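# Analysis of the macromolecular model
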Amino acid sequence: MRILTHPEIARIESWESINLMAVAAANVILESVRENPEAMITYATGNTMVPVYEATETIVNETDIPFQRTRAAHLDEYWPANPDLDEFSFVRYLRDRVFKPLKIPLGQRFEIDGTAADPSEEALRYDEVLSRNPVALAILGIGPGGHIGFNERGTPFNSRTHFTRLSEETIRRDHDERRLSTPKTAITQGTANVLEADRILMVAFGSEKGGYLFEALYGLISSECPASALRTAGKKVTIIIDETAAGVLGAK
Ligand code: F6R
């Protein structure tokens, strides 16, 4: 593992493989549960997190770190999305990859309802859930245009949970990479919600993510690159990446 130094971000770790990166990220999650067994954690979805949650489940099964008292929320959900019917639903992903494997009880899971008739009202409801349950750890990936959650380029840093239209870059990514016909709208936590967490963990691997990260870490701190907002709260941010992503950071 190599530590990368950055003027604003407290810790950036570059790991030799995606597996090692995933175990390191899992350990950050486990650490926050060890510190506070009732921790409220917001989980990102997406490809990046698949190995991270698998590693978390493996360690949990091998040790006695209980998630039963933790609370779990998430960053975003497509709208409309029905977790029982739609393969692309993030709630479906979380139930399968996080909530069930980590045995987080139903009453402690806070899901965004992608079937809500009025998505703006659902966003407000979810924002209140987050206000009542301060977040100990926010887990993030990074996507096209440096988006975090579905805060796309141009979303103000002070945005709270809201209904949004996905950017053309994200729609293209979903089409090309996920090969799913996903909705073009979503409900997402705002950047302000993310920044309120006590601790923020961002995970990224591969050269494309290295490019997004480069802009976020070394470009202007601006709503044009939502992930650059992390630098305004850098003391509580840990970024864990693989060496391919780190190579892009170093090479640029
Ligand atoms: C998902 C989310 C998104 C993803 C990002 C990267 O809940 O909030 O911001 O983290 O789009 O997605 P992957 O990991 O699939 O490349």
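Bear in mind that the values here come from a model prediction, so they are computed numbers and not experimental data. (Residues numbered from 1 in each chain as written. Predicted model: local features only at pLDDT ≥ 70, side-chain atom pairs only at ≥ 80, totals over all residues. Heavy atoms only, no water.)

### Thoughts on the packing of helix α2 (residues 49–62) against helix α3 (residues 90–99)
- Look at α2 against α3: their axes get within 9 Å of each other, and the N-to-C directions meet at 35°. Of the residues in α3, those touching α2 at M49, V50, Y53 and E54 are Y93, R97 and V98. (Axes fitted to C-alpha atoms, helices over the stretch in contact; angles between N-to-C directions. Helix = DSSP H or I, 4+ residues; strand = E, 2+ residues; numbered from the N terminus. Contact = heavy atoms within 4.5 Å.)

### Here we look at the pattern of salt bridges
- The final tally for this structure, using the stated rule, is 12 salt bridges.
- Here D84 ties to R95 by a salt bridge, and the two come within 3.6 Å at their closest N and O atoms. Placement of the pair is D84 in the loop between β5 (76–79) and α3 and R95 in helix α3, with a sequence separation of 11 residues.
- For D84, a relative accessible area of 60% corresponds to the exposed category. (Salt bridge = Lys/Arg side-chain N within 4 Å of Asp/Glu carboxyl O. Buried < 20%, exposed > 50% of the residue type's maximum accessible area, 1.4 Å probe, protein only.)

### Considerations on the confidence of the model for the chain
- When pLDDT is averaged across the chain, the result is 96; 99% of the residues are at 70 or more.
- Averaged over each element, pLDDT in the chain is lowest for helix α5 (residues 168–178) (89) and highest for strand β9 (residues 199–204) (99). (pLDDT = per-residue confidence, 0-100.)

### Describing the packing of aromatic side chains
- Tallying each qualifying case throughout the model produces 8 aromatic pairs.
- The interplanar angle of 75° and the centroid separation of 6.5 Å between the aromatic rings of Y53 and Y93 together place this pair among those described as edge-to-face. Taken together, the residues span a long stretch of sequence, with Y53 in helix α2 and Y93 in helix α3 at a distance of 40 residues. As far as burial versus exposure is concerned, Y53 and Y93 are alike and both buried.
- Centre to centre, the rings of F214 and Y218 are 5.2 Å apart; their planes meet at 45°, and the pair counts as tilted. Of this pair, F214 and Y218 both sit in helix α7 (residues 207–218), 4 residues apart, roughly one helical turn.
- You can call Y218 partly exposed: its relative accessible area is 41%.
- Through a chain of ring-to-ring contacts, the aromatic side chains of Y78, F88, F90 and F150 assemble into a single cluster.
- Just above the ring of Y93 sits the side chain of R97; from NZ or CZ to the centre is 5.4 Å. (Phe/Tyr/Trp six-rings, centres within 6.5 Å; stacked < 30°, edge-to-face > 60°. Lys NZ or Arg CZ within 6 Å of the ring centre and 35° of its normal.)

### Examining the site of the ligand
- Within the structure, the ligand sits among 15 residues, and T48, D76, H147, R178 and K209 are positioned closest to it.
- Between the ligand and T45 there is a distance of 2.8 Å, counted from an oxygen atom to a side-chain nitrogen or oxygen.
- One nitrogen or oxygen atom from the main chain of G149 is found 2.8 Å from an oxygen atom belonging to the ligand.
- Alone, the ligand offers 410 Å² of accessible surface; in the complex the protein occludes 98% of this. (Near = heavy atom within 4 Å. Polar contact = N/O pair within 3.5 Å; in protein donor to acceptor, adjacent residues only side chain to side chain. Areas by Shrake-Rupley, 256 points an atom, 1.4 Å probe, with all protein chains shown as cover.)

### Here we look at the pairing of strand β4 (residues 71–74)
- In this structure, strand β3 (residues 40–43) lies alongside β4, joined through 4 bridges in parallel fashion. Opposite I41, over in β4, you have A72 as the bridge partner. (Pairing = 2+ DSSP bridges.)

### Here we look at the side chain of H147
- With respect to the helices and strands, H147 occurs in the loop between β6 (137–140) and β7 (162–165).
- Only 3.2 Å separates the side chain of H147 from the side chain of T170, close enough to count as a polar contact.

### What about the nonpolar core?
- Formed by 75 residues in total, the largest nonpolar core has its most connected members in Y43, Y53, F67 and I241.
- With 9 residues, helix α1 (residues 18–35) is the single largest residue contributor to this core.
- Beyond its immediate stretch of four places on either side in the chain, Y43 contacts Y53, F67, A72, A73, H74, L75, L94, V98, L102, I104 and I139. (Core = buried A, V, L, I, M, F, W, Y, C linked by side-chain atoms within 4.5 Å.)

### Focus: the sheet that holds β6
- If you trace the 7 strands from one edge of the open sheet to the other, you get β1-β2-β10-β9-β6-β3-β4, paired in mixed fashion. Bordering the open sheet on either side are β1 (2–4) and β4, each of which pairs with just one other strand. Between one strand and the next, the sheet's axes are offset by a mean angle of 20°, whatever the strand orientation.
- Against the sheet, α3 contacts β3 and β4, and its axis sits at roughly 145° relative to β4.

### Comments concerning α5
- Residues of α5 that are buried include every one of T170, I171, R173, D174 and R178, and no others. Each buried residue of α5 lies within a common arc of 160° when the element is viewed along its axis, so the set occupies one face. The outward face of α5, more than 90 degrees from its buried face, is lined by the exposed residues E168, R172 and H175.
- Considering only its buried residues, α5 is in contact with β5 and α3.
- Positioned one or two residues after α5, R179 has a phi angle of 50°, which is positive. (Arc of directions from axis to C-beta.)

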